[in-house]
Structures are given as C-alpha cells and as structure tokens.
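Report on the structure
One letter stands for each residue in the lines below.
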Amino acid sequence: MTALISQETEAAAGRTTTPDEPAPRAPRFRSRRFRTRASKVIASVVLLAFTAVVLTPIWVLVMVSLHHGNTSPSNPFALPAPIDFQNYVNAFQNMHYLRSVGNTLIITLATAVITVFAASLAAWAIVRHTRRWTRTLYQIFVSGLTIPIFVVLTPLYEVMQKLHLLDSYIGIVLAYTATIMPFAVFFFAGFLRTVPPELEEAAAVDGAGLIRTYWKIVFPLLRPATATLAIFVILQVWNDLILPLVLLSSDDKQTVTLAVYATIGTHTMSPEQLLPTLVLGVLPLFIVFLALQRYVVAGIAVGAGK
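This text gives an overview of the structure that appears in the document. Residue positions are counted from 1 within each chain, in the order its sequence is given. This being a predicted model, a pLDDT of at least 70 is required before a residue's local features are given, and a value of 80 or more before pairs of side-chain atoms are given or counted; all residues contribute to the totals for chains, interfaces and linings. With hydrogens and water set aside, each side-chain value is computed from the structure's full complement of heavy atoms.

Right, let's get into a nonpolar patch on the surface. Patch membership is restricted to residues that have no salt bridge and whose relative accessible area is over 30%. Joining uses 9 Å for like charges and 5 Å for the nonpolar side chains Val, Leu, Ile, Met, Phe, Trp and Tyr. Residue-level accessible areas treat just the shown protein chains as cover; the underlying method is Shrake-Rupley with a 1.4 Å probe. Take a side-chain nitrogen of Lys or Arg and a carboxyl oxygen of Asp or Glu: if they are within 4 Å of each other, that pair is a salt bridge. Among the surface-exposed residues, Y157, L245, V246, Y261, I264 and M269 lie close enough to one another that they form a single nonpolar patch of about 530 Å² accessible area. Among the secondary structure elements, Y157 is positioned in helix α6 (residues 153–162). Throughout, exposure labels follow a simple rule: accessible area from a 1.4 Å probe, protein chains only, divided by the maximum for the residue type, with under 20% read as buried, over 50% as exposed, and the rest as partly exposed. Y157 gets classed as partly exposed once you look at its relative accessible area, which sits at 33%. Put simply, DSSP H or I for four residues or longer makes a helix, DSSP E for two residues or longer makes a strand, and each gets a number counted from the N terminus.

Next comes the structure, spelled out in structure tokens:
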C-alpha cells in the first residue's frame, strides 16, 4: 500500500514538472487587465482634452464680457477685478431681451410642432404605403437635403411677398418648416423602417382609423426620435440669422440673432457690447439643452440599437 502511494506521488510530481504542459495563465490575464486599464486612461485623457478645448472659448467669452473698457484685457482667462455686470445690464436693455427671446420662442416652438407632426405623418405614409408615388415623393424630400438655403432665398422671398406673409410670424414659420422638412422626413422614415407594423395591424383589426392609429400607436413609438428632432429644430431655428434677416423687417418681431447682429457696426465692433449679447442669446438655448439632453441621448441610443 505504501509503495502504491509513493508511486502516485512520484507520478504527480512528474506531471508537475513535465515541460509539455502549457504555461500558467496568470501573466496573460494580467497583461489583458493592464491593456484594459491603459485604454480607459487614454480614453479619459482624450475626453478631458476635448472638454477643455470646447469649454475654453466659452470661459474666455464670459471673462472678456465682464471686462470694462474699449481695449481687450491682457489676460482673457483671468477674472476681472472687480466683477461688474453693467455690460450685461446694458446689453439686456439695448437688445430688448425679453421681446427678442419671446419672438424667438414663438417662431421656434411653432416650427418644431408643425415640423414634427407634418414630417411624421409624411414619413408614416411613405414607409407603410409602398407605392411608386411614395418612393418618388421620398426621393423628392431627400433631394431637398442637397439644396443650400441661399439658392432658395430669392424665390422664397417672392413667394412670401405675393402671399403677403413678409414680416409675419406665419411666413417665417412656414419658411423654416419648408427648409427643415426634407431632413425631418428622412429622419422619421429611417426610424419607422425599424418599427414592426404588427401593432398598427392589430389596431386596424380592432377598428381604429388612420388618425386614431397614428395618435395612439405610431406617435408614441416615435417619442425618442421626436425628442431628438425637436432639439435639432430648436438649435437650427434659434441660431439662424439668414431667414429672419430676409423675411423680418420690423423691430417688434426681432429675434435674438437679429438683436446680436445689430450690435455689430459697419466699421467698428465693441467687445463690451457684443460679447454680453452673445452670452444672453445663448443662455436660454443652453438651459433648454441641459433640460432635454437625456432625450437626445435616448434617441441616439434607440437609433443605434435599432
């Protein structure tokens, strides 16, 4: 019995020293863990550098806007001493801030609502009713993405003049809707192609009409895409200068971008007048984006998952 145990012990010892056995895996796991940590560190450094590049101009903009005097500060990164918001008070009064923001909100929200409903209905008809005319209509919408806004400015102005819609909220809202519709239809059509039609067919079997099916089934499914598109429309309309400059002429309908543009002189430009108006003009948009950024992320995540 003792001999058998000794033989098994020797065999086991021989197996542990056999050169044909594979090398231990601990170093491989350690190297893989090291590469993972290194990649995370590199990604964090890149993201921090990108964040610094994005935030640095904003910081300089705010710091210089608080500076007094006609000359630029020697150190635009430093806080002015003392801090005085008189430049912002003057900009608030000169640009008629509340009126300009109110006009921009009216135009932006009206454009977003009309674009979302019109584009979603058009995309739903194009995707679900595959006919020759729907394919042609979709190609017409997509071709609108290739036309620059400057090409249609003169025809758009003439049409608005003949319809007596110049210098009116309705005219500029319709103009924005027409220019954004190609992208909106393209965006909604791409999202609807990933949505199965079984729910709509079940609603049709239950006796629901087209309007009820759209409102109860289709539109709720489009919520992530709708939020993303609405934020795109808000950014597009709020930051635009071309259409308000061409289609609006009265001061009582002046938008934020026109108010900022009015601070730029023909031959001179005062930083203490221009920069506070820029900050005040971007501030509402920045607040809206912070409030709705989770919807943008959700829409992008759903689109990527689809």
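Having put the structure on the table, let's press on.
Further remarks concern the packing of helix α4 (residues 97–128) against helix α9 (residues 210–221). Between N-to-C directions, angles span 0 to 180 degrees; the directions come from axes that are lines fitted to C-alpha atoms, helices contributing only their stretch in contact. Where α4 contacts α9, the axes come no closer than 12 Å and their chain directions differ by 105°. Here α4 lies roughly perpendicular to α9, going by the angle between them. When α4 is examined against α9, the residues V116, F117, S120, L121 and W124 are found in contact with a partner set consisting of L210, T213, Y214, W215, V218 and F219. Three categories are distinguished: nonpolar for Ala, Val, Leu, Ile, Met, Phe, Trp, Tyr, Cys and Pro, charged for Asp, Glu, Lys and Arg, and polar for the others, with Gly belonging to the last. Broken down by class, the residue content of the contact of α4 with α9 amounts to 9 nonpolar, 2 polar and no charged. Working definition: roughly parallel below 35 degrees, roughly antiparallel above 145 degrees, roughly perpendicular at 65 to 115 degrees, and oblique for all remaining angles. In this analysis, two residues are considered to be in contact whenever any of their non-hydrogen atoms come within 4.5 Å of each other.

A separate point is the layout of surface pockets. The rule is simple: put a 1 Å grid over the protein atoms alone, call a set of points where a 1.4 Å probe fits but cannot get out a cavity, call an open set with protein on both sides within 12 Å along at least five of seven lines a pocket, and count a residue as lining if it has an atom within 4 Å of a point. Grid points are joined across faces, edges and corners, and a volume is the space filled by probe spheres set on the points. A volume near 460 Å³ is recorded for the largest pocket. Lining the largest pocket are 20 residues, and of these I147, I149, A178, T179 and I180 lie nearest its centre. Looking at the lining of the largest pocket element by element, the count peaks at 7 residues for helix α7 (residues 169–192). Grouping the constituent residues of the lining of the largest pocket by class yields 15 nonpolar, 4 polar and 1 charged. Roughly 360 Å³ of volume is contained in the second largest pocket. What lines the second largest pocket is a set of 13 residues, and nearest its centre among them are I58, V62, V282, L283 and F286. Elements represented by at least two residues in the lining of the second largest pocket include exactly α2 (26–65) and α13 (271–305).

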